[in-house]
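# Structure at a glance
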Amino acid sequence: MFMRYGGGTGARVAAAVVAAVLMTGWTTGCSSEKPAQAKVWEQFYCAKLAAWQAARNAEVGTGTGDGQDAESLASDEADSAGRSALAAARRLDGEGLGEGATHILDDTANAVGGDPGAEERAVSYCDDAGFETLVGRAG
């Protein structure tokens, strides 16, 4: 049993892949696809940053005698939200999206670690990206 090359299904699939690559510009940081995809990643990041802010603020609010279970749950949620914000920041950093993204990973890591100045810079990134309504002020 021999496989036939040149006109079979495999050749059509390969041609379709080559065409897709040529049409989308399969290179790192291709400027033709960057603007639309950049906005998606920026919005995703800002939503994750906002979720972390909300979870962190909820954690701070549980210290009112609700018990250790509530405090522990709030702390776990804030930690999880912080990891999600960091993952989104890694994606922005990996994509090299704009000048502001070059430090966004460090700023996000430091913000999650408790640095209000870093949080303010991360929030400013979202403001500059047009997603100011998603995030709160540093605090």
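Going by the structure above, here's the rest.
Here we summarise the structure given alongside this text. For clarity, every value in this text was computed on a predicted model and none was experimentally measured.

Each helix and strand in the protein was counted, giving five helices and zero strands. Helices and strands in the protein line up, N terminus first, as α-α-α-α-α. Relative to its 139 residues, the protein shows a buried fraction of 27%. Sequence-distant contacts, at least 24 apart, represent 56% of the contacts inside the protein between residues at least 6 apart.

Taken together, the buried positions of helix α4 (residues 104-112) are occupied by I104, D107, T108 and A111. One side of α4 carries all its buried residues, which in axial view fall inside an arc of 100°. G114 sits one or two residues past α4 and shows a positive phi near 110°.

Attention now goes to the pattern of salt bridges. What the rule picks out here adds up to four salt bridges. The partner of E95 in a salt bridge is R91, and the shortest N-O contact between them spans 3.1 Å. Pair noted here: E95 and R91 are both in helix α3 (residues 68-95), with a separation of four residues, about one helical turn. By relative accessible area, which is 37% here, R91 ends up partly exposed.

So, on to the environment of R56. With respect to the helices, strands and loops of the structure, R56 is situated in helix α2 (residues 34-61). Taking the C-alpha atoms as reference, R56 lies 8.8 Å from V112; in sequence the two are 56 residues apart.

Rules of the game
- Residues numbered from 1 in each chain as written.
- Predicted model: local features only at pLDDT ≥ 70, side-chain atom pairs only at ≥ 80, totals over all residues.
- Heavy atoms only, no water.
- Helix = DSSP H or I, 4+ residues; strand = E, 2+ residues; numbered from the N terminus.
- Buried < 20%, exposed > 50% of the residue type's maximum accessible area, 1.4 Å probe, protein only.
- Contact = heavy atoms within 4.5 Å.
- Arc of directions from axis to C-beta.
- Salt bridge = Lys/Arg side-chain N within 4 Å of Asp/Glu carboxyl O.

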